[in-house]
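These are the residues of each chain, in order.
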Amino acid sequence: MKIKAVIPIRKGSQSVNDKNLRPFANTNLLELKIRNLKASGVFDEIIVNTDSDEAIEIAVRSEVSYHRREPYYASSKCSGSEFFQHLGIVTDTDVFAYCPVTSPFVSVETMKKCVDLFKQNEECDCVSTVSDVKEFLWLNGSPVNYDKNNAPNSQNLPDIKALNFGFTLVKRESLIQNRNIIGNNPLFVTTSEIEAVDIDTPLDFYIAEHIYKKVYLDNKGLLD
């Protein structure tokens with residue numbers, strides 16, 4: 001069973017200027033992701049899927065593969081479903097690992113745990129990381145997950161999981177057929193709050209960089 005890790009990355013960014021390749025402490029988000037995927041030792045190949053010449057140069061320098069993305073699939077005209085299906089079509093593998101650089105703190109231990117869980121459960125077609133949601137949620141003027149007349153302590157709220165997309169394994173045929181990285185029979189692995197960090201705004205980038213400097217560079221081992 002071939003498992004290939006794909007790092008989707010496009011040049012520029014609509015939310016944070018060049019967030020994928022701009023300096024991030026002593027590295028950048030792409031180099032950091034490649035290093036951590038290599039350290040896991042569980043992938044048959046690591047592929048940078050990109051329309052960026054700079055990202056391709058980093059892939060070559062890091063001795064991993066790359067796929068030059070066609071312009072349409074790097075544009076805002078391409079829907080998420082089209083993009084996911086395209087990733088499956090152009091990646092020759094049995095199992096596809098979705099590894100966005102915007103989740104920089106997914107640990108080697110978590111990746112190995114996901115791979116082991118996937119291999120041990122033949123009926124599942126997907127393993128994805130999730131976060132615990134312990135918040136008082138409302139929708140259309142009413143509480144969703146608690147009785148407002150008998151409010152519990154936050155730790156006693158229902159065990160709701162939120163997809164954080166830090167790391168996902170999915171069978172290639174499922175990815176192509178469903179046009180989504182979440183399959184029909186998913187299993188979930190809960191991550192720590194730090195692992196769940198997703199960089200989507202300038203504030204996210206600022207916080208993540210300081211976490212990296214303080215927790216990883218100072219303590220040597222957050223991602224191991």
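Peer 1: Could you clarify how one ought to interpret the packing of helix α1 (residues 29-40) against helix α2 (residues 53-61) in this entry?
Peer 2: The interhelical angle for the contact between α1 and α2, taken along N-to-C directions, is 30 degrees, at an axis separation of 10 Å. Regarding the angle of α1 to α2, the classification is roughly parallel. You can see that α1 and α2 cross each other, and the crossing is right-handed. In this structure, α1 uses Leu30, Glu31 and Ile34 to contact α2, whose residues at the interface are Ala55, Ile58 and Arg61.

Peer 1: How should I be thinking about the layout of surface pockets in this particular structure?
Peer 2: Regions of empty space are outlined by a rolling probe, equal in size to a water molecule, passed over the atoms. Roughly 690 Å³ of internal volume is contained in the largest pocket. Considering the residues around the largest pocket, the lining is formed by 29 residues, among which Pro8, Arg10, Lys19, Phe83 and Tyr98 are closest to the centre. Put simply, the parts of the chain that give the lining of the largest pocket at least two residues each are β1 (3-9), α3 (80-90) and β8 (160-171). Examining the composition of the lining of the largest pocket, we find that three residues originate from one element, α3, more than from any other. Taken together, the residues of the lining of the largest pocket break down into twelve nonpolar, twelve polar and five charged.

Peer 1: Got a minute to help me understand α1 in this structure?
Peer 2: Helical geometry: 3.6 residues make up each α-helical turn, so side chains three or four residues apart lie on a common side. Between its first and last C-alpha atoms α1 spans 17 Å; for twelve residues at 1.5 Å apiece the expected length is 16 Å, and the two agree. The N-cap residue of α1 is Asn28: its side-chain oxygen and the backbone nitrogen of Leu30 are 3.1 Å apart. With its phi angle positive at about 70 degrees, Gly41 sits one or two positions after the end of α1.

Peer 1: What is the right way to read the pattern of salt bridges from this model?
Peer 2: Pairing between side chains of opposite charge can happen when the charged atoms of each approach one another. Summed over the entire model, instances satisfying the criterion amount to six salt bridges. Where Arg68 meets Asp53, a salt bridge forms, and the shortest distance between an N and an O atom there is 2.9 Å. Residue Arg68 is found in strand β3 (residues 65-68), and its partner Asp53 is found in helix α2; the two are separated by 15 residues along the sequence. Across the salt bridge formed by Lys161 and Asp132, the nearest N and O atoms sit 2.4 Å from each other. Taken together, the residues Lys161 in strand β8 and Asp132 in strand β5 (residues 126-133) connect sequence positions 29 residues apart.

Peer 1: Teacher, can you tell me more about the nonpolar core here?
Peer 2: Counting residues in hydrophobic clusters, the biggest one holds 42 residues, and the most contacted among them are Phe24, Leu30, Phe43, Val48, Phe167 and Leu169. Contributions of two or more residues to this core are made by β1, α1, β2 (45-50), α2, β4 (95-98), α4 (108-120), β8 and α6 (202-219). Apart from the residues lying within four places of it in its own chain, the contact partners of Val48 are Ile7, Ile9, Leu30, Ile34, Ala55, Ala59, Val64, Ser65, Tyr66 and His67.

Peer 1: Got a minute to help me understand a nonpolar patch on the surface in this structure?
Peer 2: On the surface, Leu163, Phe165 and Phe188 cluster together into a nonpolar patch covering about 250 Å² of accessible area. Phe165 gets classed as partly exposed once you look at its relative accessible area, which sits at 32%.

Peer 1: Where do I start with the environment of Lys119 in this structure?
Peer 2: Along the polypeptide, Lys119 turns up in helix α4. When the C-alpha positions of Lys119 and Asn184 are compared, they lie 17 Å apart, and in sequence the two are 65 residues distant. Not counting the four nearest positions on each side in its chain, Lys119 is found in contact with Met1 and Ile3.

Peer 1: In this structure, what is going on with the side chain of Thr191? I would like to understand it.
Peer 2: Its location among the elements puts Thr191 in the loop between β9 (186-190) and α6. For Thr191, the side chain forms a polar contact with the side chain of Asn164, separated by 3.1 Å. Dropping the residues within four chain positions of it, Thr191 is found in contact with Thr110, Thr129, Val130, Ser131, Asn164 and Ala196.

Cut-offs and rules
- Residues numbered from 1 in each chain as written.
- Predicted model: local features only at pLDDT ≥ 70, side-chain atom pairs only at ≥ 80, totals over all residues.
- Heavy atoms only, no water.
- Axes fitted to C-alpha atoms, helices over the stretch in contact; angles between N-to-C directions.
- Helix = DSSP H or I, 4+ residues; strand = E, 2+ residues; numbered from the N terminus.
- Parallel < 35°, antiparallel > 145°, perpendicular 65-115°, else oblique.
- Left-handed = near helix turned anticlockwise from the far one by under 90°.
- Contact = heavy atoms within 4.5 Å.
- 1 Å grid on protein atoms, 1.4 Å probe; cavity = no way out; pocket = protein on both sides within 12 Å on 5 of 7 lines; lining within 4 Å.
- Points joined across faces, edges and corners; volume = space filled by probe spheres on them.
- Nonpolar A, V, L, I, M, F, W, Y, C, P; charged D, E, K, R; others polar.
- Expected span 1.5 Å × (residues − 1).
- Polar contact = N/O pair within 3.5 Å; in protein donor to acceptor, adjacent residues only side chain to side chain.
- Salt bridge = Lys/Arg side-chain N within 4 Å of Asp/Glu carboxyl O.
- Core = buried A, V, L, I, M, F, W, Y, C linked by side-chain atoms within 4.5 Å.
- Buried < 20%, exposed > 50% of the residue type's maximum accessible area, 1.4 Å probe, protein only.
- Patch = residues over 30% accessible without salt bridge, like charges linked within 9 Å, V, L, I, M, F, W, Y side chains within 5 Å.
- Areas by Shrake-Rupley, 256 points an atom, 1.4 Å probe, with all protein chains shown as cover.

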